[in-house]
Amino acid sequence: MRYLGSKTLLLEQIYDLIKEYREGIFCDPFGGIGTVGSYMKKKDFHVITGDILNFAHFFQYTLIERSAESDFTKLYQALQINSKEQFENLMNRSVVNDGWLIKEYSEQRRFFTKDNAKRIQGCINLIQEWYSEELITDNGRKVLVASLINSFDKVANTAGTYYGYLKQFDRRALKEFRFAMLPVARGKTSYSLKADAIELVSNCKCDVLYLDPPYNERNYARYYHLPETIAAGVVPVPSGKSGVFRLEGEKTSEYNKKNHALEAFKELIDHADAKCIIFHYTDYGLIRIEDAQKVLSSYGTVEKECYFNSKGYSTSSHERKENKHHIIKVCR
């Protein structure tokens, strides 16, 4: 799935900094959709990961905590099927003609073509029906919803988030929606929690603490409102051009607040209990790199600082730009 701040292109570089701790505990309290955590699990770490968003937690459970293919025996028996391939075919044959996603995010807002919206809505309906009938467990629902979100993101008519849609249907949006199950990441026993960073760090003694907090004031719950709504299992009442629906109890990270980010970071470091901290940030973030270095120096010895350029995007000018990113390694 396309995700703000995803570190897909930097996984090997991050691993090279921490491979001496392999087979230890890797804690990622800003785990997002599990890109870094699932990679480290495959590299033989025990992974503990967290996030405050429902759909991000669903991805983390599916890609990190899950240690084998999910048990859908009860559902398969009810459907009279016996394989993942048959299940995926069934999901891809599910088409309905009306529903909230079709109306709000295809007819009124061009997030999906009408044909794809009908297929996605069909999948949403089936998962909710099976959950209501107790044919799938809470964890089974997490796997199916995360797989659905990952699948429809491939045909979403967006520039990468759900805060807006493109005026004309992009080439990827014109492709046919295909539901596919997310794979299992094999490795050591790992866990995922729906929790904020301070809660997770305060209760996690680890070998490596990987900190990749939000850089700016973008509220991820708004930018990914559609995946978050589907994970919550509610029928939304969208508003505005982007159809944003605000869930009850929606949280904004302290790291998205200019006057709070640094203090939140200091508090997090005060509660850390790790042999090594990897801090991953950018030069245009709400926390100045110089301030972060000072906080981290109070924890341990700065062993390495890496700098690299990464493509950024300006929503005001719609032009690509280069951003300088930093990785700071601190050890006790």
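Anything mentioned here points back to the structure above.
The present account deals with the structure reproduced in this document. Predicted model, so just to flag it, every value in this text is computed and none were measured. (Residues numbered from 1 in each chain as written. Predicted model: local features only at pLDDT ≥ 70, side-chain atom pairs only at ≥ 80, totals over all residues. Heavy atoms only, no water.)

### Observations concerning the packing of aromatic side chains
The geometry of an aromatic ring pair comes down to the distance between the two centres and the angle between the two planes. Evaluation of the coordinates by the stated rule reveals 25 aromatic pairs. Seen from their ring centres, Phe55 and Phe59 are 6.3 Å apart, and the 85 degrees between their planes marks the pair as edge-to-face. With Phe55 and Phe59 both in helix 3 (residues 54-65) and 4 residues apart, this pair spans about one turn of that helix. The pair formed by Phe55 and Phe59 is uniform in burial state, with each residue classed as buried. Ring centres of Phe87 and Trp130 lie 5.6 Å apart, and the angle between their planes is 45 degrees; on these two criteria the pair is classed as tilted. Taken together, the positions of Phe87 in helix 5 (residues 84-92) and Trp130 in helix 7 (residues 114-132) put the pair 43 residues apart, joining distant regions of the chain. By the burial criterion, Phe87 is buried, and Trp130 matches it. Aromatic ring contacts, followed pair by pair, group Trp100, Tyr105, Phe111, Phe112, Phe152, Tyr162 and Tyr165 into a single cluster. Against the face of Tyr15 rests Lys43, its NZ or CZ located 4.9 Å from the ring centre. Looking at Lys142, its charged tip hangs above the ring of Tyr61, at a distance of 5.4 Å from the centre. (Phe/Tyr/Trp six-rings, centres within 6.5 Å; stacked < 30°, edge-to-face > 60°. Helix = DSSP H or I, 4+ residues; strand = E, 2+ residues; numbered from the N terminus. Buried < 20%, exposed > 50% of the residue type's maximum accessible area, 1.4 Å probe, protein only. Lys NZ or Arg CZ within 6 Å of the ring centre and 35° of its normal.)

### A look at the pairing of strand 1 (residues 25-28)
Pairing between strand 1 and strand 2 (residues 46-51): 4 bridges, direction parallel. Among the inter-strand pairings, Ile25 is bridged to a residue of strand 2, identified as His46. A crossover links strand 1 with its parallel partner strand 2, the connecting element being helix 2 (residues 35-42), and its sense is right-handed. Relative to strand 4 (residues 205-211), strand 1 runs parallel, the two sharing 2 bridges. When the sheet's bridge partners are listed, Cys27 is paired in strand 4 with Leu209. (Pairing = 2+ DSSP bridges. Right-handed = clockwise from strand over helix to strand, strands pointing away.)

### Re helix 6 (residues 100-107)
Residues spaced three or four apart along an α-helix face the same direction, because each turn holds 3.6 residues. Of all 8 residues in helix 6, 6 are buried; the element is thus mostly enclosed. The complete set of buried residues in helix 6 reads Trp100, Leu101, Ile102, Glu104, Tyr105 and Ser106. Buried positions along helix 6 lie against helix 7 and helix 11 (225-232). (Contact = heavy atoms within 4.5 Å.)

### A look at the packing of helix 6 against helix 7
Orientation of helix 6 relative to helix 7, taken along the N-to-C sense of each, is 150 degrees, at an axis distance of 9 Å. Here helix 6 lies roughly antiparallel to helix 7, going by the angle between them. Handedness of the crossing formed by helix 6 with helix 7: right-handed. Residues Trp100, Leu101, Ile102, Ser106 and Glu107 of helix 6 form the contact with helix 7, whose participating residues are Lys114, Ala117, Lys118, Ile120, Gln121 and Ile124. (Axes fitted to C-alpha atoms, helices over the stretch in contact; angles between N-to-C directions. Parallel < 35°, antiparallel > 145°, perpendicular 65-115°, else oblique. Left-handed = near helix turned anticlockwise from the far one by under 90°.)

### A closer look at the side chain of Glu88
By secondary structure assignment, the location of Glu88 is in helix 5. Of the buried charged residues, Glu88 lacks a salt bridge, with Lys84 as the closest side chain of opposite charge at 4.9 Å. Leave out the neighbours within four places in its chain, and Glu88 touches Phe179, Ala180 and Met181. (Lys, Arg positive; Asp, Glu negative; His and termini not counted. Salt bridge = Lys/Arg side-chain N within 4 Å of Asp/Glu carboxyl O.)

### Focus on the pairing of strand 5 (residues 273-282)
Along strand 5, 8 of the 10 residues are buried, which leaves the element largely enclosed by surrounding structure. Two elements, strand 4 and strand 5, share 6 bridges in a ladder whose sense is parallel. Within strand 5, the position partnered with Leu211 by the bridge is Phe279.

### Quick word on unusual backbone geometry
The backbone phi angle of Asp44 is positive, close to 85 degrees, even though this residue is not glycine. By secondary structure assignment, the location of Asp44 is in the loop between helix 2 and strand 2. A positive phi angle, near 60 degrees, is found at Glu134, a position not held by glycine. In this fold, Glu134 is placed in the loop between helix 7 and helix 8 (138-153). We classify Glu134 as exposed; its relative accessible area is 59%.

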